[in-house]
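Analysis of the macromolecular model
Okay, here's what each chain looks like letter by letter:
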Amino acid sequence: MSEKQKKEILIIIPAYNEEKNIGKVLDDLQQSPLGDQLDILVMNDASKDATGQVVLEHHCKVITHIFNLGYGSGLQVGYKYALRHGYSYVIQMDADGQHDVCNVEKIYRELVTADEAGKTPDIVLGSRFTEGWEAYPTSFVKKLAYLMFRFLIRIGTGKKITDPTTGLQGLSRRAFGFYALYNHFDDKYPDANMIMQMMLLGYRVKEIPAVMHVRTEGVSMHSGLKPIVYMFRMTFSIIAVWLREKLYHVDEEVRE
């Protein structure tokens, strides 16, 4: 890739059986104000439908897994790709249309804006639940999970995160470069546990309000009884991360 063609933002979109949704997401991204400043990479996780074909028709980059590896594995492959190809920022979003494309520019602006100390965020989270923002409909089980994860993050780091499971995130090269390393990222459900990890390691995490929509097509990966299993798995994972970083100092060399 020549310097003229090189772009600094990579949009990573994990996708599994999203042929009915991903076309509009890609259209909106390509027509967005940052359309000429970003590349789009779709991680097609062994979809059984025409997801991959829709992506190719939109002339976007796609990596297709032969076997279903899971949400986290798809993201980490994307981080490795971003690192190898010299991108400065990664913005990850879902393929189901729940994350409005207007959030991309907002997240990018936050990533490049320094605070009073002259430091920019390492991670920008798009939150569904920021105070004063429009209420986002969720099930009772999910609400319970959010409350639990918020509590654990608050106890473990002393800081408040309103939406610890958001899949809408912006990452600096420093952050996604760390995630790209072996054993630094959850290969299944990288949510509140990874936020806990990065905050304990001294990475700068900022949360901003985000515009979200309810899924209208397809099936969520947290459908049925999966949210209950997810809640228990994530709770134990958050505790394990706290022990790893706070008690055993496994990644102490990256602390600030």
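Residues numbered from 1 in each chain as written. Predicted model: local features only at pLDDT ≥ 70, side-chain atom pairs only at ≥ 80, totals over all residues. Heavy atoms only, no water.

On to the environment of Thr64. With respect to the helices and strands, the residue Thr64 is situated in strand S3 (residues 61–64). Among the polar contacts made by the side chain of Thr64, one reaches the side chain of Asn44 at a distance of 3.4 Å. (Helix = DSSP H or I, 4+ residues; strand = E, 2+ residues; numbered from the N terminus. Polar contact = N/O pair within 3.5 Å; in protein donor to acceptor, adjacent residues only side chain to side chain.)

A surface patch of nonpolar side chains, amounting to about 890 Å² of accessible area, comprises Ile228, Phe232, Phe236, Ile239, Trp242, Leu243, Leu247, Tyr248 and Val250. Summarising the element assignment, Leu247 is placed in helix H8 (residues 226–247). (Patch = residues over 30% accessible without salt bridge, like charges linked within 9 Å, V, L, I, M, F, W, Y side chains within 5 Å. Areas by Shrake-Rupley, 256 points an atom, 1.4 Å probe, with all protein chains shown as cover. Salt bridge = Lys/Arg side-chain N within 4 Å of Asp/Glu carboxyl O.)

Overall, the coordinates contain eleven salt bridges when judged by the stated rule. The salt bridge involving Glu105 is made with Arg109; its shortest N-O contact spans 3.5 Å. In this pair, Glu105 and Arg109 both sit in helix H4 (residues 102–111), four residues apart, roughly one turn of the helix. As a salt-bridge pair, Arg128 and Asp163 come within 2.7 Å of each other at their nearest N and O atoms. With Arg128 in the loop between strand S5 (123–127) and helix H5 (140–157) and Asp163 in the loop between H5 and strand S6 (169–172), this residue pair connects regions lying 35 residues apart in the sequence. In terms of burial, Arg128 and Asp163 fall into one category: buried. Through salt bridges with shared partners, a single network forms among Lys7, Asp39 and Lys61. (Buried < 20%, exposed > 50% of the residue type's maximum accessible area, 1.4 Å probe, protein only.)

Time to look at unusual backbone geometry. Even without being glycine, Ala46 reaches a positive phi, approximately 60 degrees. If you trace the backbone, Ala46 turns up in the loop between strand S2 (38–44) and helix H2 (51–57). Positive phi, close to 50 degrees, is recorded for His249, a residue that is not glycine. Position of His249 relative to the elements: it lies in the segment after H8. Given a relative accessible area of 36%, His249 falls into the partly exposed group.

Let us look at the nonpolar core. Judged by nonpolar contacts, the single largest core of 39 residues is most densely connected at Leu10, Tyr79, Val90, Phe149, Leu171 and Tyr179. No other element matches the seven residues that helix H7 (residues 192–200) contributes to this core. Other than its neighbours up to four places away in sequence, Tyr179 contacts Gln76, Tyr79, Ile123, Leu171, His184, Phe185, Met194, Gln197 and Met198. The next biggest cluster of nonpolar side chains, apart from the first, holds 29 residues, and it includes Ile11, Ile13, Met93 and Leu111. (Core = buried A, V, L, I, M, F, W, Y, C linked by side-chain atoms within 4.5 Å. Contact = heavy atoms within 4.5 Å.)

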